[in-house]
Amino acid sequence: QVQLVESGGGLVQPGGSLRLSCTASGSIFSINAMGWYRQAPGKQRDLVATITSGSMTNYADSVKGRFTISRDNAKNTVYLQMNSLKPEDTAVYYCNADRVRIIGGFYNYWGQGTQVTVSS
């Protein structure tokens, strides 16, 4: 069984920074892409950023230049460094691991979510 555990959310003032972490645990052979998505109240879950095992990255236009995604493949861990935070970044942030190879095949997993609130 694979679990994704997130940490690092919280309350921050506009212009501040936060760093999210997500670690995948279990009998994992490999993970293709890992990423972060977010969901604000009353809205759909949207892509924030993704990174492949080869370190290719993709960002939502709204976070380009402010957020940086990185990954430690040996630790099955993905990070999201968030700078210059804005109130509109407030949301629950979810970690995702795509095409996780375990015994039996490839699967997609989600974390439980961590709240990020940007407010003065």
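Calculation notes
- Residues numbered from 1 in each chain as written.
- Predicted model: local features only at pLDDT ≥ 70, side-chain atom pairs only at ≥ 80, totals over all residues.
- Heavy atoms only, no water.
- Helix = DSSP H or I, 4+ residues; strand = E, 2+ residues; numbered from the N terminus.
- Rg over C-alpha atoms; globule rule 2.2 N^0.38 Å.
- Buried < 20%, exposed > 50% of the residue type's maximum accessible area, 1.4 Å probe, protein only.
- Contact = heavy atoms within 4.5 Å.
- Areas by Shrake-Rupley, 256 points an atom, 1.4 Å probe, with all protein chains shown as cover.
- Lys, Arg positive; Asp, Glu negative; His and termini not counted.
- Charge placed at Lys NZ, Arg CZ, Asp CG, Glu CD.
- Salt bridge = Lys/Arg side-chain N within 4 Å of Asp/Glu carboxyl O.

Sorry if this is basic, but what is going on with the overall build of the chain here?
Per the secondary structure count, the chain includes zero helices and 11 strands. Written out in order from the N terminus, the α and β elements of the chain read β-β-β-β-β-β-β-β-β-β-β. Taking 120 residues into account, the globule formula puts the C-alpha radius of gyration at 14 Å, and the chain, at 14 Å, falls close to it. Overall, the C-alpha framework of the chain stretches about 45 × 25 × 20 Å when taken along its three principal axes. Per-residue burial for the chain yields a buried fraction of 43% across its 120 residues. Within the chain, contacts between residues separated by at least 24 positions form 55% of all contacts whose residues are at least 6 apart in sequence. With the model as given, the accessible surface of the chain reaches about 6400 Å², and the carbon-plus-sulfur share is 47%. Averaging the positions of the 11 positive and the 7 negative side-chain charges in the chain gives two centres separated by 4 Å.

Would you explain the pattern of salt bridges in this entry?
For side chains bearing opposite charge, pairing can occur when the charged atoms are close. With the rule as written, the count across this model stands at three salt bridges. Measuring nitrogen to oxygen at the nearest pair gives 2.9 Å for the salt bridge that ties Arg 38 to Asp 89. With Arg 38 in strand β4 (residues 30–39) and Asp 89 in the loop between β8 (77–82) and β9 (91–102), this residue pair connects regions lying 51 residues apart in the sequence. Given the relative accessible area of 13%, Arg 38 is considered buried. According to the relative accessible area criterion, Asp 89 is buried, its value standing at 0%. Note that Asp 89 and Arg 66 form a salt bridge whose closest N and O atoms lie 2.8 Å from each other. Taken as a pair, Asp 89 in the loop between β8 and β9 and Arg 66 in the loop between β6 (57–59) and β7 (67–72) lie far apart in primary sequence, 23 residues in all. With respect to burial, Asp 89 and Arg 66 carry one shared label: buried. Connected through shared salt-bridge partners, Arg 38, Arg 66 and Asp 89 make up one network.

Everything listed here is a matter of coordinates, which is why it stays silent on function.
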